[in-house]
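Examination of the molecular architecture
For reference, the chains in residue letters:
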Amino acid sequence: MANRPITITGINPADNSLILSDNGTTVANPGDTVTWLIGQNSGVASITGITDNSTPTDVFNPDPAPVASSSNWQGTINPGINAATEEYYTINYTKTSTEGSFKFDPKIQVNP
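These lines cover the structure that appears in this document, whether it is placed above or below. Bear in mind the structure is a predicted one, so any value in this text is a computation, not a measurement. (Residues numbered from 1 in each chain as written. Predicted model: local features only at pLDDT ≥ 70, side-chain atom pairs only at ≥ 80, totals over all residues. Heavy atoms only, no water.)

1. A closer look at the overall build of the protein chain
Across its full length, the protein chain carries zero helices and ten strands. Moving toward the C terminus, one meets the helices and strands of the protein chain in the order β-β-β-β-β-β-β-β-β-β. A compact globule built from 112 residues should have a C-alpha radius of gyration of about 13 Å, and the protein chain, at 13 Å, falls within 12% of that. Buried residues in the protein chain amount to 43% of all 112 residues. Partitioning the intrachain contacts of the protein chain with sequence separation of at least 6 by distance along the chain shows that 64% fall at a separation of at least 24. Total accessible area on the protein chain is roughly 5,900 Å²; 47% of this is exposed by carbon and sulfur atoms. (Helix = DSSP H or I, 4+ residues; strand = E, 2+ residues; numbered from the N terminus. Rg over C-alpha atoms; globule rule 2.2 N^0.38 Å. Buried < 20%, exposed > 50% of the residue type's maximum accessible area, 1.4 Å probe, protein only. Contact = heavy atoms within 4.5 Å. Areas by Shrake-Rupley, 256 points an atom, 1.4 Å probe, with all protein chains shown as cover.)

Listed below in structure tokens is the structure:
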């Protein structure tokens with residue numbers, strides 16, 4: 001099992017989509033940990049939630065949660081997930097420059 005870090009490097013001004021170090025597709029294995037990091041000068045003030053969009057499959061188990069004493073979030077790919085699955089999830093975030101909440105829907109690709 002490995003840690004799959006994803007750094008938020010910026011925000012696309014055209015549609016508020018996040019610019020991620022993995023280009024929006026994380027490749028992982030069942031049981032891997034995914035860590036979301038807010039990059040310096042990314043324009044993201046905080047992550048306010050990460051939710052699974054996949055029904056009935058639960059790609060994260062346990063669900064992503066904030067890491068104590070940091071702005072990072074961490075989740076674990078469901079160890080019992082069927083291999084070769086591709087699932088979308090939502091990152092809810094706030095910007096450093098404006099009020100309000102925004103969201104972006106990247107995906108997780110689970111290896112066979």
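2. Considerations on the environment of Glu 99
Its location among the elements puts Glu 99 in the loop between β8 (85-95) and β9 (101-104). With 87 residues separating them along the chain, Glu 99 and Asn 12 place their C-alpha atoms 17 Å apart.

3. Some details on the pairing of strand β4 (residues 33-38)
By the bridge criterion, six bridges tie strand β1 (residues 3-11) to β4 in an arrangement that is parallel. In the sheet register, Ile 8 faces β4, and the bridge partner there is Ile 38. Bridging between β4 and strand β7 (residues 73-76) involves four bridges; their strand directions are antiparallel. Across the sheet, Thr 35 pairs through a bridge with Gln 74, a residue of β7. (Pairing = 2+ DSSP bridges.)

4. Brief notes about the packing of aromatic side chains
The full count for this structure, using the stated rule, is four aromatic pairs. By way of ring pairs, the aromatic residues Trp 36, Phe 60 and Tyr 89 are connected into one cluster. Here the basic side chain of Lys 95 rests over the ring of Phe 102, its NZ or CZ set 4.5 Å away from the ring centre. (Phe/Tyr/Trp six-rings, centres within 6.5 Å; stacked < 30°, edge-to-face > 60°. Lys NZ or Arg CZ within 6 Å of the ring centre and 35° of its normal.)

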